Amino acid sequence: MRVLVVEDEALLADAIAEWLRDDAHAVDVVYDGDAALERLAVHDYDVVLLDRDLPVVHGDDVCRSLVGSESSARVLMLTAAAEVSDRVAGLTLGADDYLAKPFAFAELAARVHALGRRARPAAAPTLVRGGIRLDQARREVFRDGHYVPLSRKEFGVLAELLRAEGAVVSAESLLEKVWDEHADPFTSAVRLTILKLRRKLGDPPVIATVAGVGYRIP
């Protein structure tokens, strides 16, 4: 999933981002509300982790703007305020979930997964196609019953292709969903990842190239 972390405590924001990247998400990080609005105007995110007490533009105003834009992104509001009235206020603004600081990273990751399922059309926990079985919860991949070790990016690309259920997925779409904002749009990273995936998945090849369009698993 594509996740935006909006948190003015830089150490915490970067720690959250690394935790989520280890969970195979593409993560962008900003440290104030104005920068958040700029990213939201450019990128389509599945989940936004939004600190409420932000500098420049308050988190409440960012949330209002996001909800008003009719974006499909789900908002998980983060705050040090743990009173019931604070949680109610955050949810009333349009946030989908609310997590008080301090929190366990494992719980944060679980909530991100849950919100991501709401942001996208429901997908089965295990994706199966062309002899490939991808277990999203265990982060395991098997080809004809044999375990296939994959890197985070390889796993992410394969998951996007399987979710497409035979439809073509463009390189631009893969770059948007699996990499973060620092990825060069002219990079060969997608092509190289596809090559590595084909090699690891073995014969017969299961990932087809549709010239000038993208990739698919028939």
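Note that the structure is a prediction, hence the values are computed from the model and not measured. As a convention, each chain's residues are numbered from 1 in the sequence order in which they are written. Restriction of local features to residues with pLDDT of at least 70 applies here, the model being predicted, together with a cutoff of 80 or more for giving and counting side-chain atom pairs; totals for whole chains, interfaces and linings are based on all residues. Side-chain descriptors were evaluated using all non-hydrogen atoms of the structure, hydrogens and water having been removed beforehand.

1. Let's talk about the pattern of salt bridges
Alright, step 1. Salt bridge, as used here, is a side-chain nitrogen of Lys or Arg placed within 4 Å of a carboxyl oxygen of Asp or Glu. Summed over the entire model, instances satisfying the criterion amount to 17 salt bridges.
Alright, step 2. Taking the shortest distance from any N to any O, the salt bridge between Glu-176 and Arg-2 comes out at 3.0 Å. Residue Glu-176 is found in helix α7 (residues 171-178), and its partner Arg-2 is found in strand β1 (residues 2-6); the two are separated by 174 residues along the sequence.
Alright, step 3. For the exposure calls, accessible area comes from a 1.4 Å probe over protein chains only, and a residue counts as buried if that area is under 20% of its type's maximum, exposed if over 50%, partly exposed in between. The exposure class of Glu-176 is partly exposed, given its relative accessible area of 25%.
Alright, step 4. Note on Arg-2: relative accessible area 1%, which makes it buried.
Alright, step 5. The residue Asp-61 makes a salt bridge to Arg-64 at a minimum N-O spacing of 2.8 Å. Of this pair, Asp-61 and Arg-64 are both found in helix α3 (residues 59-68), three residues apart, which corresponds to roughly one turn of the helix.
Alright, step 6. Given a relative accessible area of 45%, Arg-64 falls into the partly exposed group.
Alright, step 7. Taken together, the shared-partner salt bridges connect Glu-7, Glu-9, Asp-51 and Lys-101 into one network. For the purposes of this entry, the term helix denotes a DSSP run of H or I that reaches at least four residues, the term strand denotes a run of E that reaches at least two, and both are numbered from the N terminus.

2. Here's the deal with the side chain of Glu-154
Alright, step 1. For Glu-154, the location among the structural elements is in helix α6 (residues 152-163).
Alright, step 2. Overall, Glu-154 belongs to the buried group, its relative accessible area being 5%.
Alright, step 3. Polar side-chain contacts of Glu-154 include one of 2.7 Å to the side chain of Lys-200.
Alright, step 4. Any two residues having at least one pair of non-hydrogen atoms within 4.5 Å are treated as being in contact. Not counting residues within four places of it along the chain, the set of residues in contact with Glu-154 comprises Pro-149, Thr-193, Lys-196, Leu-197 and Lys-200. Under the rule applied, a polar contact is a pair of N or O atoms within 3.5 Å (in protein, one hydrogen donor and one hydrogen acceptor; residues adjacent in sequence only if both atoms are side-chain atoms).

3. Section: the nonpolar core
Alright, step 1. If you look at the biggest cluster of nonpolar residues, it comprises 25 residues, and the most contacted ones within it are Leu-158, Leu-201 and Ile-207.
Alright, step 2. Mapped onto this core, the elements with two or more residues apiece are β7 (132-135), α6, α7 and α8 (189-201).
Alright, step 3. Looking at this core element by element, the count peaks at six residues for α6.
Alright, step 4. Beyond its immediate stretch of four places on either side in the chain, Ile-207 contacts Leu-161, Ile-194, Leu-197, Arg-198, Leu-201, Tyr-215, Arg-216 and Ile-217. In this text, buried Ala, Val, Leu, Ile, Met, Phe, Trp, Tyr and Cys residues form a nonpolar core when linked through side-chain atoms within 4.5 Å.

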